[in-house]
Amino acid sequence: MNNTPVEPVRLTPDNPLVSVVIRTKDRPKRLAEAVRSVREQTHRPLEVIVVNDGGWPLPEEALKEQAGDVELILIQLEQNQGRSIAANTGLQAATGRYLCFLDDDDRFLPDHIELLSSCLEHIEHRVCYSDAELCWQVYNVETGEFDIVNRQVFGSRDFNLAELLCGNYIPLNTLLFDRQVLLQVGGFDPQFDIYEDWDLLLRVGSLYPFYHLPRVTAQYNQWSKDHQNFYNHFSQTGQAPLLHITGYDRLIEKNRHLFSADAARHLLSVINRLRAIEAELAQRDAVPAESPLTRLTAQLEQTLATIGPSFATLEGRLADLDACQRDALVSATSKLNEGVSDLDGLRSQVAHLCMEFENASGKIDTSQAELQKTATLLVQTQNLLEDYRKEIARTTELNRLISERDSELRTLRQTIARNEAEITALHKERNEANATISALDEKVAHAETEKASLHQIIAQTEARLASVYGSTSWRIAAPLRAVSVAVRWLLRNTRRAFLLMWWLCTGQYARATNHAFPHLWRHVPPRLKMIIPPRLAGSVKRRLHLADITAPRPLENQPDNSHPDTTAEAHVTLDVPERHYVDLSSEPVAHTPIKAIAFYLPQFHTIPENDKWWGEGFTEWTNTRKGKPLFDGHHQPRVPLHLGYYNLENIEVYAQQVQLARKAGLYGFCFYFYWFGGKTLLEKPLLNMLANPQIDQPFCLCWANENWTRRWDGLDDDILIAQHHSEEDAIAFLRYINTYFRDDRYIKIDGKPLLLVYRPSIIPDITHIQEVWRKHATELGWPGIYLVSAQTFGQKDPRDFHFDAAVQFPPQHAAPCAAFHSETPNLADDFEGCVFDYHNVATQFCDSPEVDYKLFRSVTLAWDNSARRGKRATILRNFSLTSYAQWLLTACKATLADHNLTENERLVFINCMERMGRGHLSGAGHQIWLWIPGSHKKGAECILGWKTQAIRNRSKL
């Protein structure tokens, strides 16, 4: 054991106070070592209570010096009160939340209390224990110290009350209790001065199951020479030997009520092991091994048989030897005689050994008699166990019947409760109906009163009119009334004619038509709009000079028009130039109350998973290069313009994208985030962005919570990596993205982080999951979380998921459109996808009815996913900036007019940024950017400008 002092552990308010009670009597050296083992604990705070049970007075100051920074309380008992009373005295003096016991001859390993207290803090158990190393120590006369002669892990088994009834395999110094549990059971029983710890464990274990930590954290010492017999018994039975039969009988008698079917079965297994030991001993007695006495007798007889012929040979040779040789032989003979006398001594020792062997045989007979008695007792015990088993079976059947009755009673109580609730609700409804009827009766009575009054007024008026019509003056004035009517008609129509001529001649007619036509056009049914050819509709709009947006002036040799004069009442045409370059040297566009957020697809860099699934070096650029035209005028493949085939692992690429977005007036990005049960994919651009806070661009996340498949459409065919939706996964996901929430650039609404979920409908029990998210967001320090569902795959109303808002995701969720195949020139014969008119789709989204929930409007570019889907693609053709600008303008106006949205919720999403995999993207093909330079003087309209760049050779530009 390491007795070197350890550095004091810093006290923290989170750690509970643990009390250690040490019982001691006249073993100061052992006590000092026990106190030092407490001081070396890594857990703080601690307090140690030393109870001196009537021993010699102990030096308190020396003990406190041994305890170091641990608070030590010394209690001196004048007389020896016994082990139980000493332990209860320490229990009453303890103040810690948890409590453990340590005898003065045992030790704690340094991490003992820290491990056990951590278990109790994080599990529902109120008692836990670890394993102990059983050390047998024998006094060494030469060194004057105790030497450890045997080590073994003691009783490393999980808690089982039945097994504990048959034998105590849990040392007291391995346990950590909730102090209230010990106070509840009354501590140790004073009638026990031996097995008092076993009795305590039985009483506590019957109320609270113990938690077992399979790790050695304590040292349990034994001081006896008979350690080998102890270990033999322990290895054969699995229990420590019973040293006091009387104390054991008293213990079993007290806790007889705890015996159950499990205890009986375990006791029967112990009896079977004892029977096996008895049979092995009987077999050994039936065929006794050759004793040492027998072997010694055989050796002596063999020696005599060898010496006898030697004597005969010597007598024959004595007769033939000379006189000079006879003396030597006589000397040798004397030596042989001495050897014979030694053999006689050995014979006497053999006789003594035979006597001792007889005595041992007598003892063996006595032991056999005792074994016979033990066997009789075992048979009686087995009979008792059979009786117990039958009684337990009857008790089990009674318990089953009681459980069935309790279940029926619970069902009846629940039915009664439901009926009472329904009756209460019916009473409430009846009272409300009675109140409503009373109110209606009052209103009916009041109406009847008013009706009678009106009838009276009408009768009076009719009487007056009858008197007037019957008077002479009325008849005389009849010709004058006819002349006055004709004169008024002539004057009124003449005035109207002059007003109509003035209205047509002064331009008021054209202005009124310009103002009225857009509102009337919005109410034209979509099916009727589809009948009108786009060219005819565009011609009518141009002839009427409809003013909805301000077209940008040409960038070359034109003054900056990013801040138009808000006082002007000029009306300009919707026609927007379709081809000009983006001026990257212009100043960033100022933001308006409408915040434009572009979706951002982070798939333009390699990852090991894509290399494995699609081939080495795969990115979205791979799909882009594979695009092929499917009809005349189909722009495929798309080629990037400003940034080329960039790699998003390079932070400089993101910085340039942010620069382009600012110049186009984008407020922020919405990154697609890929989380699959703890594994993230394509996260490198986000991590680079977090590592570079100087790139000040707002952002948020959209969790693409679908499976990854080879069909690119989220269906569960040929799954590459699957989602594992669960409550644990939802909590882990929220805690993971909290790193992004804490970034100052993350978009928040009223302090709540904004999180989009692509398909909440596929998350099991999503209404519960959103509650879990909101609860954990509060625990993480946020006022909540702002959840938005994408309107995809038929899901619309966010209230179905208890989300805060929804976001449109065009072209998904548009009303059914008539396919445009017949008007698509030279469309591939084996084309299996759909071609739609962009203007029709935009019109459908613009004419969508108002909703009574929070909705973020979205727009999209010329959707084309043929680079991914090939001849099964969905394509929006006939894209024009005029239709696109009208769509975005309508979305901004609807956002400003939406009373469901607060000022912080005026967001418009653009499904264009990085849409490479579907054929349109920033920096490729038709280069399209949005900026919002100002607002109308009334603050009700946004003025939007658009720029586009078609890819052309320099010779054609």
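Remember, it's a predicted structure, so these values are computed and weren't measured experimentally.

What counts, and where the lines are drawn
Residues numbered from 1 in each chain as written. Predicted model: local features only at pLDDT ≥ 70, side-chain atom pairs only at ≥ 80, totals over all residues. Heavy atoms only, no water. Helix = DSSP H or I, 4+ residues; strand = E, 2+ residues; numbered from the N terminus. Buried < 20%, exposed > 50% of the residue type's maximum accessible area, 1.4 Å probe, protein only. Axes fitted to C-alpha atoms, helices over the stretch in contact; angles between N-to-C directions. Left-handed = near helix turned anticlockwise from the far one by under 90°. Contact = heavy atoms within 4.5 Å. Nonpolar A, V, L, I, M, F, W, Y, C, P; charged D, E, K, R; others polar. Patch = residues over 30% accessible without salt bridge, like charges linked within 9 Å, V, L, I, M, F, W, Y side chains within 5 Å. Areas by Shrake-Rupley, 256 points an atom, 1.4 Å probe, with all protein chains shown as cover. Salt bridge = Lys/Arg side-chain N within 4 Å of Asp/Glu carboxyl O. Lys, Arg positive; Asp, Glu negative; His and termini not counted. Charge placed at Lys NZ, Arg CZ, Asp CG, Glu CD. Pairing = 2+ DSSP bridges. Core = buried A, V, L, I, M, F, W, Y, C linked by side-chain atoms within 4.5 Å. Expected span 1.5 Å × (residues − 1). pLDDT = per-residue confidence, 0-100. Arc of directions from axis to C-beta. Phe/Tyr/Trp six-rings, centres within 6.5 Å; stacked < 30°, edge-to-face > 60°. Parallel < 35°, antiparallel > 145°, perpendicular 65-115°, else oblique. Disulfide = S-S within 2.5 Å.

## Structural notes on unusual backbone geometry
Then, number 1: Following arginine 44, the chain continues into proline 45 via a peptide bond in cis, with omega recorded as 5 degrees.
Then, number 2: Along the chain, the position of proline 45 falls in the loop between helix H1 (28-39) and strand S2 (46-53).
Then, number 3: That bond from glutamine 636 to proline 637 is cis: its omega, -5 degrees, falls within 30 degrees of zero.
Then, number 4: Take proline 637: it is sitting in the loop between helix H19 (620-625) and helix H20 (651-664).
Then, number 5: A positive phi angle, close to 60 degrees, is found at aspartate 26, a residue other than glycine.
Then, number 6: Within the secondary structure layout, aspartate 26 lies in the loop between strand S1 (18-24) and H1.
Then, number 7: The phi angle at tyrosine 195 is positive, at roughly 65 degrees, despite the residue not being glycine.
Then, number 8: What makes tyrosine 195 buried here is its relative accessible area of 12%.

## Let's talk about the packing of helix H22 (residues 727-741) against helix H23 (residues 766-779)
Then, number 1: Two elements in contact, H22 and H23, have axes whose closest approach is 10 Å; the angle formed by their N-to-C orientations is 40 degrees. Here H22 runs over H23; the crossing is right-handed. Between H22, through Glu727, Ala730, Ile731, Phe733, Leu734 and Arg735, and H23, the contact on the second element is made entirely by His768, Ile769, Val772, Trp773, His776, Ala777 and Glu779.
Then, number 2: Split by residue class, the contact of H22 with H23 holds eight nonpolar, two polar and three charged.

## Some remarks on a negative patch on the surface
Then, number 1: A surface patch of negative charge is lined by Glu727, Glu728, Asp765 and Glu771.
Then, number 2: Within the secondary structure layout, glutamate 771 lies in helix H23.

## Some remarks on the pairing of strand S13 (residues 699-703)
The side chains of a regular strand alternate between both faces of the sheet.
Then, number 1: Counting buried positions over the five residues of S13 gives five, a clear majority of the element.
Then, number 2: By the alternation rule, side chains of S13 split into Phe699, Leu701 and Trp703 and Cys700 and Cys702, which are all buried.
Then, number 3: In this sheet, S13 lies alongside strand S11 (residues 668-676) in parallel orientation, the contact comprising five bridges. When the bridges of S13 are listed, phenylalanine 673 appears paired with tryptophan 703.
Then, number 4: Strand direction decides the pairing type here: S13 and strand S17 (residues 752-757), joined by three bridges, are parallel. Counterpart to tryptophan 703 in the pairing with S17 is valine 757.

## Looking at a nonpolar patch on the surface
Then, number 1: Nonpolar side chains collect at one region of the surface, where Leu465, Val468, Tyr469 and Trp474 lie side by side and expose about 370 Å² of accessible area between them.
Then, number 2: In terms of residue count, the dominant contributor to the nonpolar patch is helix H12 (residues 323-469) (three residues).

## Some points on the nonpolar core
One broad trend across soluble globular proteins is that nonpolar side chains are buried collectively.
Then, number 1: Core analysis: the largest hydrophobic core is formed by 97 residues, its most contacted members being Leu756, Trp773 and Phe856.
Then, number 2: Considering every element that reaches this core, the biggest residue donor is S11, with eight residues.
Then, number 3: Leaving out residues up to four positions away in the same chain, tryptophan 773 has contacts with Trp703, Ala730, Phe733, Leu734, Val757, Ile763, Ile785, Leu787 and Phe803.

## What to know about helix H26 (residues 881-897)
Then, number 1: In this model, H26 (17 residues) spans 24 Å end to end at C-alpha, consistent with the 24 Å of a helix rising 1.5 Å per residue.
Then, number 2: Most of H26 sits inside the fold, with 12 of its 17 residues counted as buried.
Then, number 3: Of all the residues in H26, the buried ones are Leu881, Ser883, Tyr884, Ala885, Trp887, Leu888, Leu889, Thr890, Ala891, Cys892, Thr895 and Leu896.

## A few points about the confidence of the model for the protein chain
Then, number 1: The pLDDT averaged across the protein chain works out to 77; a share of 70% of its residues lies at or above 70.
Then, number 2: Across residues 913-957, confidence stays below pLDDT 50; counting only partners more than four residues off in sequence or on other chains, it has 172 contacts.

## Details of H23
Then, number 1: Taking 1.5 Å of rise per residue, 14 residues should cover 20 Å, and H23 covers 20 Å from first to last C-alpha, within 8% of that figure.
Then, number 2: Taken together, the buried positions of H23 are Ile766, Ile769, Gln770, Val772, Trp773, His776 and Ala777. Axial view of H23: buried residues confined to an arc of 155 degrees, hence all on one face. The exposed residues of H23 that point more than 90 degrees off its buried face are Lys775 and Glu779.

## Here we look at the pattern of salt bridges
Then, number 1: As enumerated under the stated definition, the model contains 32 salt bridges in all.
Then, number 2: Note that arginine 151 is salt-bridged to glutamate 133, the shortest N-O span being 3.1 Å. Of this pair, arginine 151 sits in strand S7 (residues 146-154) while glutamate 133 sits in strand S6 (residues 127-139); the two residues are 18 residues apart in sequence, bridging distant segments of the chain.
Then, number 3: When its relative accessible area of 47% is taken as the criterion, arginine 151 is described as partly exposed.
Then, number 4: Where lysine 679 meets glutamate 609, a salt bridge forms, and the shortest distance between an N and an O atom there is 3.0 Å. A residue pair is termed long-range when its members are at least 10 positions apart, and lysine 679 in strand S12 (residues 679-681) and glutamate 609 in helix H18 (residues 608-614) qualify at 70 residues.

## Description of the packing of aromatic side chains
Then, number 1: Here the structure, examined in full by the defined rule, presents 45 aromatic pairs.
Then, number 2: Taking the centre distance of 6.3 Å and the plane angle of 75 degrees together, the rings of phenylalanine 101 and phenylalanine 177 count as edge-to-face. Here phenylalanine 177 lies in strand S8 (residues 175-178) and phenylalanine 101 lies in strand S4 (residues 98-103), a separation of 76 residues in the sequence.
Then, number 3: Its relative accessible area of 2% is what places phenylalanine 101 among the buried residues.
Then, number 4: Judged by relative accessible area, which is 0%, phenylalanine 177 ranks as buried.

## Looking at the side chain of glutamine 697
Then, number 1: Its place among the elements puts glutamine 697 in the loop between helix H21 (684-690) and S13.
Then, number 2: You can call glutamine 697 buried: its relative accessible area is 2%.
Then, number 3: In contact with glutamine 697, not counting residues within four places along its chain, are Tyr654, Val658, Ala661, Arg662, Leu666, Tyr667, Gly668, Phe669 and Arg745.

## Regarding the packing of helix H24 (residues 838-846) against H26
Then, number 1: Orientation of H24 relative to H26, taken along the N-to-C sense of each, is 10 degrees, at an axis distance of 10 Å. Accordingly, the angle class assigned to the pair H24 and H26 is roughly parallel. Here Tyr838, His839, Ala842, Phe845 and Cys846 of H24 come into contact with H26, specifically with Ser883, Tyr884, Gln886, Trp887 and Thr890.
Then, number 2: Grouping the amino acids of the contact of H24 with H26 by side-chain chemistry returns six nonpolar, four polar and no charged.

## Side note on the environment of arginine 625
Then, number 1: Mapping arginine 625 onto the fold places it in helix H19.
Then, number 2: Spatially, the C-alpha atoms of arginine 625 and valine 639 are 7.9 Å apart, while their sequence positions differ by 14 residues.

## Topic: the side chain of asparagine 738
Then, number 1: Relative to the helices and strands, asparagine 738 is located in helix H22.
Then, number 2: Under the relative-accessibility criterion, asparagine 738 is labelled buried at 5%.
Then, number 3: Not counting residues within four places of it along the chain, the set of residues in contact with asparagine 738 comprises Leu780 and Trp782.

## Remarks on the state of the cysteines
Then, number 1: Across all of its chains, the model carries zero disulfides by this definition.
Then, number 2: Distance from the sulfur of cysteine 128, which forms no disulfide, to the nearest cysteine sulfur (cysteine 119) is 5.2 Å.
Then, number 3: With a relative accessible area of 0%, cysteine 128 lands in the buried category.
Then, number 4: Cysteine 700 supplies the cysteine sulfur nearest to cysteine 670, a cysteine that is in no disulfide, at a spacing of 3.6 Å.

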